[in-house]
Amino acid sequence: MVNFVIFIVVVALAFDFINGFHDSANSIATIVGTRVLSPLAAVVWAAVFNFSALFFVGTAVAKSVAAGFIDLKVVDANVILGGLLGAIMWNLLTWWFGIPSSSSHALIGGYAGAAVSKVGFSALLWGKKWIETLSAIVLSPAIGMLMGFVLMVLVLNLFQRVTSTKADKFFRVAQLTSSALLSLAHGGNDAQKTMGIIVGLLVATQASFVGETGLLSHMYVTSLDSIPVWVELSAYTMISLGTLFGGWRIVHTMGTRITKLRPVGGFCAETAGALVILSASRFGIPVSTTHTITGAIVGVGATNRLSAVRWGLASKIVWAWVITIPAAAAMAAISYKLLAAFNPL
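Below or above, wherever it landed, is the structure these notes cover. Treat the numbers as computed from the prediction; the structure is a model and nothing was measured. (Residues numbered from 1 in each chain as written. Predicted model: local features only at pLDDT ≥ 70, side-chain atom pairs only at ≥ 80, totals over all residues. Heavy atoms only, no water.)

**Let's talk about the overall build of the protein**
So, point 1. Broken down by element type, the protein carries twelve helices and zero strands.
So, point 2. Starting at the N terminus, the α and β elements of the protein follow one another as α-α-α-α-α-α-α-α-α-α-α-α.
So, point 3. For the protein, the residues scored as buried account for 58% of the 345 residues in total.
So, point 4. Restricting to contacts in the protein with at least 6 residues of sequence separation, those with at least 24 account for 89%.
So, point 5. Element-wise, carbon and sulfur atoms account for 71% of the exposed surface of the protein, whose accessible area totals about 14,300 Å². (Helix = DSSP H or I, 4+ residues; strand = E, 2+ residues; numbered from the N terminus. Buried < 20%, exposed > 50% of the residue type's maximum accessible area, 1.4 Å probe, protein only. Contact = heavy atoms within 4.5 Å. Areas by Shrake-Rupley, 256 points an atom, 1.4 Å probe, with all protein chains shown as cover.)

**As for the packing of helix α2 (residues 39-52) against helix α8 (residues 229-245)**
Describing two packed helices takes the angle between their axes plus the distance from one axis to the other.
So, point 1. Their axes nearest at 8 Å, the elements α2 and α8 cross at an angle of 170 degrees. With respect to α8, the axis of α2 lies roughly antiparallel. Along its contact with α2, which presents V43, V44, A46, A47, N50 and F51, the element α8 presents L233, Y236, T237, I239, S240, T243 and L244. (Axes fitted to C-alpha atoms, helices over the stretch in contact; angles between N-to-C directions. Parallel < 35°, antiparallel > 145°, perpendicular 65-115°, else oblique.)

**Description of a nonpolar patch on the surface**
So, point 1. On the surface, a nonpolar cluster with roughly 550 Å² of combined accessible area is contributed by L40, V44, V48, L241, L244 and F245.
So, point 2. Counting only elements with at least two residues in the nonpolar patch, the list comes to α2 and α8.
So, point 3. Examined against the element boundaries, V44 turns out to sit in helix α2. (Patch = residues over 30% accessible without salt bridge, like charges linked within 9 Å, V, L, I, M, F, W, Y side chains within 5 Å. Salt bridge = Lys/Arg side-chain N within 4 Å of Asp/Glu carboxyl O.)

**Structural notes on α8**
Three- or four-residue spacings in an α-helix give side chains the same orientation, since the helix completes a turn every 3.6 residues.
So, point 1. The terminal C-alpha atoms of α8, which comprises 17 residues, lie 25 Å apart, in line with the 24 Å expected from a rise of 1.5 Å per residue.
So, point 2. Where α8 is concerned, the buried positions are V231, E232, A235, Y236, I239, S240, G242 and T243. The buried residues of α8 all sit within an arc of 160 degrees when viewed along its axis, so they share a single face. Among the exposed residues of α8, those pointing more than 90 degrees away from its buried face are V229 and F245. (Expected span 1.5 Å × (residues − 1). Arc of directions from axis to C-beta.)

**Structural notes on the nonpolar core**
So, point 1. Membership of the largest hydrophobic core comes to 63 residues, with the highest contact counts inside it found for I8, I70, I80, L84 and M195.
So, point 2. It is helix α1 (residues 2-33) that provides the largest number of residues to this core, a total of ten residues.
So, point 3. Sequence-distant contacts of L84, that is, excluding residues within four places in its chain, are made with I8, V11, A12, F15, L107 and I197.
So, point 4. By size, the runner-up hydrophobic cluster in this structure holds 21 residues, among which are M152, A185, A274 and I293. (Core = buried A, V, L, I, M, F, W, Y, C linked by side-chain atoms within 4.5 Å.)

**Regarding the environment of E232**
So, point 1. By secondary structure assignment, the location of E232 is in helix α8.
So, point 2. Given the relative accessible area of 15%, E232 is considered buried.
So, point 3. When the C-alpha atoms of E232 and T59 are compared, they prove to be 8.9 Å apart, with 173 residues separating the residues in sequence.
So, point 4. Residues in contact with E232, not counting those within four places in the same chain, are L54, T59, M195 and I227.

**Remarks on the packing of helix α10 (residues 263-282) against helix α11 (residues 289-302)**
So, point 1. Direction vectors running N to C along α10 and α11 enclose 140 degrees, while the axes themselves pass 8 Å from each other. For the element pair α10 and α11, the recorded crossing hand is right-handed. Contact residues: G265, C268, A269, E270, A272, G273, V276 and I277 in α10; T289, T292, I293, A296, I297 and V300 in α11. (Left-handed = near helix turned anticlockwise from the far one by under 90°.)

**What about the pattern of salt bridges?**
So, point 1. Evaluation of the coordinates by the stated rule reveals three salt bridges.
So, point 2. Note that K129 is salt-bridged to E132, the shortest N-O span being 3.1 Å. Of the two residues, K129 and E132 both sit in helix α6 (residues 128-158), three residues apart, roughly one turn of that helix. Note on accessibility: K129 and E132 belong to one class, buried.

**Concerning helix α5 (residues 103-119)**
So, point 1. The end-to-end C-alpha separation of α5 is 25 Å, in line with the 24 Å expected for 17 residues at 1.5 Å each.
So, point 2. Positive backbone phi, at 95 degrees, marks G120, one or two positions downstream of α5.

**Thoughts on the packing of aromatic side chains**
So, point 1. Counted according to the given criterion, the structure contains nine aromatic pairs.
So, point 2. With 6.2 Å between their ring centres and 70 degrees between their planes, F51 and F55 make a pair best called edge-to-face.
So, point 3. Assessed through its relative accessible area of 25%, F51 is described here as partly exposed.
So, point 4. By relative accessible area, which is 58% here, F55 ends up exposed.
So, point 5. Taken together, the aromatic side chains of F159, F170, F171 and F267 make up a single cluster linked through ring pairs.
So, point 6. Sitting over the ring of F283, R282 keeps its end group 5.8 Å from the ring centre. (Phe/Tyr/Trp six-rings, centres within 6.5 Å; stacked < 30°, edge-to-face > 60°. Lys NZ or Arg CZ within 6 Å of the ring centre and 35° of its normal.)

**Side note on the environment of A14**
So, point 1. Along the polypeptide, A14 turns up in helix α1.
So, point 2. With 221 residues separating them in the primary sequence, A14 and A235 have C-alpha atoms 9.6 Å apart.

Structure, rendered in structure tokens:
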């Protein structure tokens, strides 16, 4: 069992890497789309600030994921692995087609699907965290859109007497700050979801590590009240490395195909997205960074004219959001059944 749990931790960190790879567009699409930074410089910039979230953002989201959605009494190693496999498959599928779906909701959907596959819907803790998360599917892009729109209108009015050349020069620098803030917000919210899964696994399998010495002693975790430092460091490192390698298919979709952005628009979209995500992290809500920044980009584009937004593409993205949780849940349910058949616990 010890080796199996270690293997699952590695799979969880692989998901974290894929999360960063898949969601790198959240942090860099606008700054690449406005040509403030080259793609290579942008991913390095984003990765650094993804990791820096370790020092500024707490662990409320990790604790919510670990204990807020699934009854820990039904959780075992196969449930965790099945959930991770479902989330990874959905992430890779949407990455291949360049669709900016939510890694967060894929993970939550996968976790739920595997647990339901084991004991039925009684595995789900219907309550506050489900309400917050499902509400966020609608509210986070809507609030991001509203804030992006309001910020853009405010900035345009403040800089209406400034020449476009001077304004462009100012916001090319300002966008470095807003991109850094968005990357910090992205790392702070998304890395915690993997932390929550790993800690949930370690608590559920704590009996396997009783009396272990050396490095394995650090895997003996009896409570969800605190996140081990090695789990935090591992999660932030992997999501940062994933961002460093980048998901260029999705960068193209978000940075150029939804709407055409200038540095001022990129600054407003990134700032709006970061504020929404950091607020959600403060209250332990695993919000989708993809949904939020996409909404903010749409809001900024709409200040120009409604036709500036490619609503057909935006509607396809919305459909991807809607089906992410059930699709990842279905893949995870199948994965769990296969795991339980070949590796009964």
